[in-house]
Amino acid sequence: MQLYEIRQCEAVACHFRFPVAVGDPAGVRCPHCGEPTALAATPQITETPFPQFAPRFTQLELLLDNIRSLYNVGAIMRTADGAGVKHLHLGGITAPPTHPKLAKTALGAEGALPWTQHRNSVHAAQELKAAGYEIWVLEEGETPALSDAEVAINLFTVTLPDNANQPILLVIGNEKVGVDPAIQQMADCTFALPMSGVKNSLNVAVAFGIAIYQIQFG
Ligand SMILES: [Zn+2]
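(A) Highlighting the overall build of the protein chain. When helices and strands are tallied, the protein chain shows 5 helices and 10 strands. For the protein chain, buried positions account for 33% of its 218 residues. Residue pairs in contact within the protein chain that sit at least 24 positions apart in sequence constitute 76% of those at least 6 positions apart.

(B) Summary view of unusual backbone geometry. Although it is not a glycine, His 15 sits at a positive phi angle of roughly 55°. Looking at the element boundaries, His 15 is found in the loop between β1 (4–9) and β2 (17–21). The residue Asn 66 is not glycine, and still its phi comes out positive at about 60°. With respect to the helices and strands, Asn 66 occurs in the loop between β4 (60–65) and α1 (70–82). Of the residues examined, Asn 66 has 19 C-beta atoms within 10 Å and is grouped as partly exposed.

(C) Summary view of the sheet that holds β1. Strand order across the open sheet formed by 3 strands is β2-β1-β3, with antiparallel pairing between neighbours. Two strands bound the open sheet, and with one partner strand each, they are β2 and β3 (37–41). Across the sheet, the mean angle from the axis of one strand to that of its neighbour is 45°, orientation sign disregarded. As defined by bridge partners, β1 adjoins β2 across 5 bridges and the pair is classed as antiparallel. Looking at the pairing, Tyr 4 lines up with Ala 21 of β2.

(D) Here's a closer look at the sheet that holds strand β10 (residues 189–192). If you trace the 7 strands from one edge of the open sheet to the other, you get β6-β5-β4-β9-β7-β10-β8, paired in parallel fashion. Of all strands in the sheet, those with a lone pairing partner are β6 (115–118) and β8 (153–154), marking the two edges. Alignment of β4 against strand β5 (residues 87–91), held across 5 bridges, turns out to be parallel. When the bridges of β5 are listed, Leu 64 appears paired with Leu 90. Sheet contacts for α1: β4, β5 and β9 (168–173); angle to β4, the most-contacted strand, approximately 175°. Across the sheet, helix α3 (residues 121–130) touches β4, β5, β6, β7 (134–139) and β9, and the angle it forms with β4 is around 160°.

(E) Structural detail: the nonpolar core. Leu 169, Val 171 and Ile 172 are the most contacted members of the largest nonpolar core, which has 45 residues in total. Non-local contacts of Ile 172, meaning those with residues more than four positions away in its chain, are made with Leu 62, Leu 64, Asp 65, Ile 67, Ile 76, Leu 138, Val 204 and Phe 208.

(F) Region of interest: the packing of α1 against helix α5 (residues 204–217). Taken N-terminus to C-terminus, the directions of α1 and α5 make an angle of 10°; their axes are 9 Å apart at the nearest point. Classified by the angle their axes make, α1 and α5 are roughly parallel. Here α1 and α5 pass one another in a crossing that is right-handed. Contacts between α1 and α5 involve Asn 72, Ala 75, Ile 76, Thr 79 and Ala 80 from the former and Val 204, Ala 205, Phe 208, Gly 209 and Ile 212 from the latter.

(G) Quick peek at α5. The terminal C-alpha atoms of α5 lie 20 Å apart, and with 14 residues this matches the ideal 20 Å at 1.5 Å per residue to within 8%. Buried within α5 we find Val 204, Ala 205, Ala 207, Phe 208, Ala 211, Ile 212 and Ile 215. Looking down the long axis of α5, one finds its buried residues gathered within 150° of arc, a one-sided arrangement. If you follow the buried residues of α5, they end up packed against α1, β7, β9 and β10.

(H) Layout of α1. The first and last C-alpha atoms of α1 sit 19 Å apart over 13 residues, in line with the 18 Å expected at 1.5 Å per residue. Buried within α1 we find Asn 72, Val 73, Gly 74, Ala 75, Ile 76, Met 77, Arg 78, Thr 79 and Ala 80. Immediately beyond the C-terminal end of α1, within one or two residues, lies Gly 84, with a positive phi of roughly 75°.

Definitions and limits used
- Residues numbered from 1 in each chain as written.
- Predicted model: local features only at pLDDT ≥ 70, side-chain atom pairs only at ≥ 80, totals over all residues.
- Helix = DSSP H or I, 4+ residues; strand = E, 2+ residues; numbered from the N terminus.
- Buried ≥ 20, exposed ≤ 12 C-beta atoms within 10 Å, placed from the backbone.
- Contact = placed C-beta atoms within 7 Å.
- Pairing = 2+ DSSP bridges.
- Axes fitted to C-alpha atoms, helices over the stretch in contact; angles between N-to-C directions.
- Core = buried A, V, L, I, M, F, W, Y, C linked by C-beta atoms within 7 Å.
- Parallel < 35°, antiparallel > 145°, perpendicular 65-115°, else oblique.
- Left-handed = near helix turned anticlockwise from the far one by under 90°.
- Expected span 1.5 Å × (residues − 1).
- Arc of directions from axis to C-beta.

All we've got here are geometric facts, nothing functional implied.
Okay, here's the thing in structure tokens:
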């Protein structure tokens with residue numbers, strides 16, 4: 001296991017403080033001003049597992065509908081693993097976990113979840129709906145407004161179904177265009193996150209993280 005230490009610049013006017021691997025020559029001099037540094041603290045990194053909780057839904061799968069950013073895909077995969085998602089479906093341009101640039105962001109989580117790649121997200125959603133899955137869409141970002149008849153439900157005030165074994169497909173959409181309109185039309189429900197502020201959108205990976213923890217543990 002790699003050991004780390006926290007070093008601090010000895011220049012009084014600087015005191016830049018940063019973590020570095022023990023023995024890494026990059027830690028000897030201050031990355032900010034170049035003056036020598038000294039050991040300031042030794043972090044205790046334990047390998048004790050986090051407390052384990054059973055997720056609310058045991059059959060929840062995730063469809064990433066054309067997520068463009070590799071960073072977002074990696075972050076979503078790692079979060080999905082932590083939140084008890086059972087399976088990943090990667091639609092269209094969404095990069096597969098085997099993409100070399102993903103391994104670093106996902107920090108190993110890319111190997112933890114089974115996944116399937118689909119050329120067409122709509123077809124994937126149709127097949128799963130026909131197999132008995134409920135289709136849940138997470139509306140986020142600057143996605144087109146829903147019609148009056150289809151009002152998105154605030155995920156933080158809704159009472160979620162209590163059938164823990166209901167198969168669910170949660171769909172997260174592309175950063176620019178959101179979830180494909182054909183999937184929105186077949187959705188059993190559309191969820192939105194409560195928002196405060198001027199810019200009413202979140203990064204897709206952040207929005208997913210908030211939503212999945214509310215769905216599974218809230
Ligand atoms: Zn310095």
